[in-house]
Amino acid sequence: MFEIVAFYLFSILTIVMFGITVFTNNSLYALSSLAAGMIFISAFFFLLDADFLGAVQIVVYTGAVMALYAFGMMFFDALSVVKERINNPKLMFLLSGISALVIVLIFVAPIVNSNIEAQYPVHPEWGNAQDVGVVLFTKYLIPFEVAAVMLLVAMIGGIILAGKKMDISYSELTEEEIDALESQTLKKDNK
Amino acid sequence: MSLNAYLILSAILFLLGMVGVIRRKNLLMLFFSTEIMLNAVNVALAAISKFYGDLTGQMFAFFIIAIAASEVAVGLGLLILLYKKRGTIDLDNLQSMKG
């Protein structure tokens, strides 16, 4: 009973939140509703006995990724309205819906009516976190290391990409120096 | 709840993300929509992992989360670079080779 109520409550909440994210014109609303949706998604992980995954979802997604988005939005004018002109919106809507359904069907099809044996079975007496740790650090050690390296590379890449031309700190300059710099860049842009 | 209920929910969320990816012209919204799609897949993987008593689904969900985090780091860097260059985050502005 509890699971049914929780499932329907959280599915409605998640769908509404992600709907706001997809259809709103305000980036700030989109960001906040996306963060709320991520929190609600973690509820499904707790319902599915994937406690560790739920905690990771809250920490990584709503903690790190959303903070990164909010931080990135400071660098550009995120609240400016982007003109979204689509020649045939209804056709676009229909096509995207159909293609998404087809993708889901393709991925779900092998699961239906086939005998799947558990390669790494769950041990209920261990608890989820320990179970995940044992499998992750024995069977999936190399993918784990590769993921760690990939995260490092992506982080350095992101810093280098975003940090270009940030070698001048405005807070250390005087007003005159800033004015001189601004007029210099303006001249360069006009060329 | 049955496995089908979770898979249907995952399909609905994935569909929402797909609609966002195809419909939106704001690059930031495009990133948000990809996050929605990745999360939808994560729900499906966790559900399959539970109903078949197998931990592989949860492992894949972890790696998907890692990939999503690195995608955000690189994608936001590129987005900031594009904004510095063009002054806008409109997707149509990226078309520099109109056929």
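Residues numbered from 1 in each chain as written. Chains lettered and ligands numbered in written order. Predicted model: local features only at pLDDT ≥ 70, side-chain atom pairs only at ≥ 80, totals over all residues. Heavy atoms only, no water.

Caption draft 1: Structural context of the nonpolar core. By size, the foremost hydrophobic cluster in this structure holds 70 residues, and its most contacted members are A:Leu53, A:Met66, A:Tyr69, B:Leu28, B:Phe32 and B:Leu79. Leave out the neighbours within four places in its chain, and B:Phe32 touches A:Thr21, A:Ser27, A:Ala30, A:Leu31, A:Leu34 and A:Tyr69. (Core = buried A, V, L, I, M, F, W, Y, C linked by side-chain atoms within 4.5 Å. Buried < 20%, exposed > 50% of the residue type's maximum accessible area, 1.4 Å probe, protein only. Contact = heavy atoms within 4.5 Å.)

Caption draft 2: Layout of the packing of aromatic side chains. Throughout the structure, instances matching the rule amount to 12 aromatic pairs over all chains. Their ring planes at 80° and their centres at 4.9 Å tell us that A:Tyr69 and B:Phe32 sit as a pair that is edge-to-face. Of this pair, A:Tyr69 sits in helix α3 (residues 51–73) while B:Phe32 sits in helix α2 (residues 27–51), on two different chains. Judged by its relative accessible area of 0%, B:Phe32 is buried. (Phe/Tyr/Trp six-rings, centres within 6.5 Å; stacked < 30°, edge-to-face > 60°. Helix = DSSP H or I, 4+ residues; strand = E, 2+ residues; numbered from the N terminus.)

Caption draft 3: Structural view of a nonpolar patch on the surface. Residue and element names in this part refer to chain A. On the surface, Ile 4, Tyr 8, Ile 12, Val 16, Ile 20, Leu 28, Tyr 29 and Leu 79 cluster together into a nonpolar patch covering about 790 Å² of accessible area. Among the elements of the structure, α1 (2–23) and α2 (27–47) are those that each provide at least two residues to the nonpolar patch. Top element by residues in the nonpolar patch is α1. It accounts for five residues. (Patch = residues over 30% accessible without salt bridge, like charges linked within 9 Å, V, L, I, M, F, W, Y side chains within 5 Å. Areas by Shrake-Rupley, 256 points an atom, 1.4 Å probe, with all protein chains shown as cover. Salt bridge = Lys/Arg side-chain N within 4 Å of Asp/Glu carboxyl O.)

Caption draft 4: Focus on the UniProt feature "transmembrane region" (unreviewed entry) in chain A. Residues and elements named next belong to chain A. Per the UniProt record, "transmembrane region" (unreviewed entry) is annotated on residues 6–23, 28–48, 54–79, 91–112 and 140–162. Annotation note: span residues 6–23, helix share 100%, strand share 0%, distance between end C-alpha atoms 25 Å. Taken end to end, residues 28–48 comprises 95% helix and 0% strand; its first and last C-alpha atoms sit 31 Å apart. (UniProt positions renumbered as here; feature names shortened; annotations may be inferred.)

Caption draft 5: Representation of the UniProt feature "transmembrane region" (unreviewed entry) in chain B in the model. All names here are of chain B. Those residues carrying the UniProt feature "transmembrane region" (unreviewed entry) are residues 6–22, 27–48 and 60–83 in this numbering. Helix makes up 100% of residues 27–48 and strand makes up 0%, while its end C-alpha atoms are separated by 32 Å. Within residues 60–83, the helical portion is 100% and the strand portion 0%, while the C-alpha atoms at the span's ends are 34 Å from each other.

Caption draft 6: Local environment of the interface of chain B and chain A. Taken together, the 66 residues of chain B in the interface contact 83 residues of chain A. In this assembly, chain B packs against chain A so that about 6,800 Å² is buried in total across both faces, 77% of it on carbon and sulfur atoms. For the chain B face of the interface with chain A, the top three residues by lost area are B:Met1, B:Phe32 and B:Leu55, together amounting to 10%. For the pair chain B and chain A, the number of links is one salt bridge. Of the charged contacts, one joins B:Lys50 and A:Asp49 as a salt bridge, the two residues approaching to 3.1 Å between their closest N and O atoms. The set of elements that each furnish at least two residues to the side of chain B that touches chain A consists of α1 (3–23), α2 and α3 (56–86) of chain B. In terms of residue count, α3(B) provides more of the side of chain B that touches chain A than any other element does, 24 residues in total. Taken together, the residues of the side of chain B that touches chain A break down into 48 nonpolar, 10 polar and eight charged. (Buried area = accessible area lost by both parts, 1.4 Å probe. Nonpolar A, V, L, I, M, F, W, Y, C, P; charged D, E, K, R; others polar.)

Caption draft 7: α2(A), seen in detail. All names here are of chain A. Taking 1.5 Å per residue as the helical rise, α2 with its 21 residues ought to reach 30 Å, and the 31 Å between its terminal C-alpha atoms agrees with that figure. For α2, a buried count of 15 out of 21 residues is recorded, marking the element as mostly surrounded by other parts of the structure. Residue Asn 26 occupies the N-cap position of α2, its side-chain oxygen lying 3.0 Å from the main-chain nitrogen of Leu 28. One or two steps after α2, the chain reaches Asp 49, where phi turns positive at roughly 65°. (Expected span 1.5 Å × (residues − 1). Polar contact = N/O pair within 3.5 Å; in protein donor to acceptor, adjacent residues only side chain to side chain.)

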